[in-house]
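Given next are the chains, with one letter for each unit.
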Amino acid sequence: MGILWFISELVLLSSITLAIKQNSKPNIIFILADDLGWDDVSFHGSEQIPTPNLDELANGGVILNNYYVQSICTPTRSAIMTGRYPIHTGMQHDVILASQPYGLGLNETLLPQYLKELGYATHAVGKWHLGFFKTNYTPTRRGFDTFFGYYCGKEDYWDHSNHEKYGWGLDLHNNTEHTFQPVWTDWGQYSTDMFTDRAIDIIKKHDPSKPLFLYLPYQAVHSANYIQPIQAPPDVIKKFSHIQDENRRIFAAVVSVLDQKVGELVDALKGSGLYDNSVIVFSTDNGGPANGYDMNMACNFPLRGVKWTLWEGGVRGAGFVHSPLLAVKGRVSMDLMHVTDWLPTLYSVAGGDIHKLLNVDGYDMWDTLSHASLCPREEILLNIDPVRGDSALRYRQWKLLVNISSSWSGWYGPPGIKNSNHSTRAAQVSLKNAVVTCGKPPSDPPECTPELGPCLFDVLADPCEYVNQAKNHPDVVDGMLLWLKEYRETMVPTRNKPYDPSANPDNFGGVWTPWMD
C-alpha cells in the first residue's frame, strides 16, 4: 500500500512539473494591503509590530523604497487596474461610497482583461471598491473569472456588513461571470482568515498548465464600521499587551494576522509547485491613517502626514516584489516607481507586447526590478484634485506640493514610543537601507497652503519634508509648476456622483448589490 501511494504521488508530482514546464508564463500573485502605514512593518523599522513573513519575502526580494501610491483607496485601485493616472480616468477625487452610482469607466481595459488575453486564469479575493451600481462594473464583468469579496470600501471583519449613508447590509459575494451570490454562511469568520482560505483553495485547485493571476486585496488593515472600528482576534490582541494604547494594540494584531496569512499563502504556493514560477507583489494602497485618522491607528513615522494627504506619509507606499525569477534580489531599490507601473510591468512579464498598451501612464519596470538596470521613470504625478485644489509632483529628487491643507500635516510617532528615530531598529533589520531615519522635526514646520505658496522638498536628502527649498530653487519650482499645468490640460472630468438612496440594502433583502441594472 505504501509503495503504491509513493508511486501515485511521484506520478502526480511529475505531471505537475511537466505542466509547469509547458507553461512558461509566470504566475502573478498581487497582494494589496489596505491602509498599511510605512512604519507598520518591521522591514521598515517598526519597533512595535514584528512582521516576520513579510520581512522574509521583502528581504529575499526587492524592497521598493522610492515607491508611490495614491493617497486613498479607489484612486490607487483604479491605477493598478488601468496603468493610468486617476486624472486620466476621472477617479482623481475621493473614494466611491456605497450609495454613489458610478465606477471605473467601462471604456477602460483592466489588468485581468489583458492577462486573460494571454491565457491566464484570473481570480480576485477581497475588496473591490471600483463601483458596483450596475452589474457590468463588478469584478467578474471586468476580466476576473471569479470574485469572492466585498464591493464597498469597508465593512465589519466578522459579520461582513457595511454601514454607510443610506443603508446597512451584507457585503460579501461569491461571483462568476454569470452567477452572483450573496454569502450569508461566513458570519463569524475573520476576514483575513476567510480571504486567505479562499485564495489557498484557488491555488490548490489551479491547473498548473495555465498561468494564474491571483489578485488579493485584503480588508486588513482598514477600519471597520463605526461601532467597532478596529477588530482582531482576542488571542492575537493579547500578544501585544505591552502596547499601552488600546487602539494601537488592536491594530498591531490586525497586522500580525495579515503577516501570518501571507506566510500561509506562500506555503501554499510552494506546496502546489507554483512558487518557483511566480511573481509576488506586495503593496499598500495608500499611506496609513495615523493618530486616530479614519478611526484607525496606523503609523507612517518618521514620514510626514497621513492617508488622504499628499505628504510622504500619505503617498509613499510600503511595498516589495518577491520572486525566484528576479535576477538580482535581496536589495533595497531607490528607483522611482509608481503604482501605475504594475500593469505594464506585469503585462510584460506575462509575455505581452507593451507597445500594444495604449494611453497608459505606467512604465515597464521589470528589467529595473529584476536586474537593477537603469530606471525608465524620472517623474510621477502624485495627483491633481480639481475639487480640493491640491496637487503634487515628483521629479528626480524633487517633490513639489501645491495648495496643501495644514490639517494632518504633522509627524505622528507610534503610540507608546517617544522620540524614536529608528536608529535602534535600523541596526537590527536585515536590509538597513529600508529604514528611513530623520532628526527631530522642526518646531515651525513648512506649510504649502494657498496663502504661503508651493513647497519644494529634496525628498532623497530630506524624506521627512523638513526643509522647504522653494526659495533656493525657483527655477525648479517654475519648471514643475509648468509640468503640472500640462498635466492639468490632459485631465478628464471627475466621475463622482451624488448619493442615491435607492441603493439601500433594505430594498434588496439586506444586501449591498447592483441597484441600477
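Definitions and limits used
- Residues numbered from 1 in each chain as written.
- Predicted model: local features only at pLDDT ≥ 70, side-chain atom pairs only at ≥ 80, totals over all residues.
- Heavy atoms only, no water.
- UniProt positions renumbered as here; feature names shortened; annotations may be inferred.
- Pairing = 2+ DSSP bridges.
- Helix = DSSP H or I, 4+ residues; strand = E, 2+ residues; numbered from the N terminus.
- Axes fitted to C-alpha atoms, helices over the stretch in contact; angles between N-to-C directions.
- Contact = heavy atoms within 4.5 Å.
- Buried < 20%, exposed > 50% of the residue type's maximum accessible area, 1.4 Å probe, protein only.
- pLDDT = per-residue confidence, 0-100.

As annotated in an unreviewed UniProt entry, the protein carries the name Arylsulfatase B and comes from Stylophora pistillata. Quoted straight from UniProt, the Cofactor (unreviewed entry) entry for the protein says "Ca(2+)".

**Q** Can you explain the sheet that holds strand β2 (residues 62-64)? Please cite residues and give values.
**A** Taken together, ten strands build an open sheet; the order of strands is β9-β8-β5-β4-β10-β1-β11-β12-β2-β13 and the sheet is mixed. Every interior strand has two partners, whereas the edge strands, β9 (180-182) and β13 (331-333), have only one. The mean angle between the axes of side-by-side strands here comes to 15°, regardless of whether they run parallel or antiparallel. Strand direction decides the pairing type here: strand β11 (residues 278-284) and strand β12 (residues 319-322), joined by four bridges, are antiparallel. Paired with Ile 280 across the two strands is His 322, which belongs to β12. Along the sheet face, helix α2 (residues 52-59) touches β2, β11 and β12 and points at about 65° away from the line of β12.

**Q** So what about the environment of Leu 36? Which residues, and what values?
**A** Assignment of secondary structure puts Leu 36 in the loop between β1 (27-33) and α2. Judged by its relative accessible area of 1%, Leu 36 falls in the buried class. In this structure the C-alpha to C-alpha distance between Leu 36 and Cys 299, which are 263 residues apart in sequence, comes to 8.1 Å. Not counting chain neighbours up to four residues away, the residues in contact with Leu 36 comprise Val 41, Val 221, Val 255, Phe 282, Thr 284, Asn 286, Gly 287 and Gly 288.

**Q** Could you give an account of the side chain of Thr 192, with specific residues and numbers?
**A** One can find Thr 192 in helix α5 (residues 191-205). The buried category is assigned to Thr 192, whose relative accessible area is 0%. Setting aside residues up to four positions removed in sequence, Thr 192 forms contacts with Tyr 157, Tyr 218, Ala 220, Val 257, Leu 258 and Lys 261.

**Q** Which residues make up the confidence of the model for the protein, and what are the values?
**A** A residue-level look at the protein finds 93% of positions with pLDDT of 70 or above and a mean pLDDT of 94. Here residues 4-22 is modelled with pLDDT under 50, and outside its nearest four sequence neighbours on either side it reaches seven contacts, counting other chains as well.

**Q** Give me the lowdown on unusual backbone geometry, citing residues and values where you can.
**A** In the segment running from Ala 220 into Val 221, the intervening peptide bond is cis, with an omega of 15°. With respect to the secondary-structure elements, Val 221 resides in the loop between β10 (212-217) and α6 (234-237). Here the residue pair Phe 301 and Pro 302 is connected by a cis peptide bond, since its omega of 5° sits within 30 degrees of zero. Considering the arrangement of structural elements, one finds Pro 302 in the loop between β11 and α8 (312-315). We note that Asn 291 has phi near 60°; this positive angle belongs to a residue other than glycine.

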